[in-house]
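Secondary and tertiary structure notes
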Amino acid sequence: GSGGGSKKNAAAGGGGGGSYSKSISGFSPGTYAIQIGQGAPSAGGNTDGTAGGNTWFINASTVFADGGGGGLAVGTPGAGGNSPIGDDTTISGGNGVAGAGSQGGDGGDGANGGAGGAGGNATSGSNGSAPGGGGGGGADRNATGGAGANGQMIITYTLSATCNLTDAGLAN
């Protein structure tokens, strides 16, 4: 999620990081639908951050990683994505950090290694790093929040050969 844009006299919270999901499944050859979550855009001054987009394979019920929540202009941090679905590994994203005084909150880390952006200190918050890092919250005085980073999908597959055992030996 993106970090919040700060209010005049309050620092904004950092955005949450995206979750991670891994599935080890046998799928038949074919065409499959995918969606790569888009990072949340930077939030202007005195504006709440928004949630990052979701990433999924086939549909949101098969393999799914959710984007983090946006940080709020009043200092409340965004929650990390916490509803991943997969049959092997699922990890929630890191929560953003609350803004305090004039210091914007840091963005939460993405569960697959993307760093959260730094909260602003008399400046705007920094953007999160891919994949899935949350944006940092803006410092006080209407500073903008950092953008959340895009999600990522990696597909690994093995080509299998068809083998036949005949009188002459093994053939493919």
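To be clear, the structure that these remarks concern was listed above.
Remember, predicted model here, so these are calculated numbers, not experimental data.

Two measures describe an aromatic ring pair: the distance that separates the ring centres and the angle between the ring planes. Counted by the stated rule, this structure contains 1 aromatic pair. Ring centres 5.3 Å apart and planes at 35 degrees place the aromatic pair Y32 and F57 in the tilted group. Here Y32 is found in the loop between β1 (20-22) and β2 (34-35), whereas its partner F57 is found in strand β3 (residues 55-57), with 25 residues between them in sequence. By relative accessible area, Y32 is classed as partly exposed at 31%.

Strand order across the open sheet formed by 3 strands is β2-β3-β4, with antiparallel pairing between neighbours. Edge strands, defined here as strands with exactly one partner in the open sheet, are β2 and β4 (63-65). Judged from the 2 bridges that link them, β2 and β3 form a sheet pairing that is antiparallel. Residue Q35 lies in a different strand from β3, and its bridge partner there is W56.

Now for the environment of T47. Of note, T47 is situated in the loop between β2 and β3. Expressed as a C-alpha distance, the spacing of T47 and G5, which sit 42 residues apart in the sequence, is 4.9 Å. With residues up to four places along the chain from it excluded, the contact list for T47 reads G4, G5 and A73.

With the rule as written, the count across this model stands at 1 salt bridge. The residue D88 makes a salt bridge to K22 at a minimum N-O spacing of 3.9 Å. Separated by 66 residues along the polypeptide, D88 in the loop between β4 and β5 (89-91) and K22 in strand β1 bring together distant segments of the chain. Using a relative accessible area of 40% as the deciding quantity, one classes D88 as partly exposed.

Rules and cut-offs
Residues numbered from 1 in each chain as written. Predicted model: local features only at pLDDT ≥ 70, side-chain atom pairs only at ≥ 80, totals over all residues. Heavy atoms only, no water. Phe/Tyr/Trp six-rings, centres within 6.5 Å; stacked < 30°, edge-to-face > 60°. Helix = DSSP H or I, 4+ residues; strand = E, 2+ residues; numbered from the N terminus. Buried < 20%, exposed > 50% of the residue type's maximum accessible area, 1.4 Å probe, protein only. Pairing = 2+ DSSP bridges. Contact = heavy atoms within 4.5 Å. Salt bridge = Lys/Arg side-chain N within 4 Å of Asp/Glu carboxyl O.

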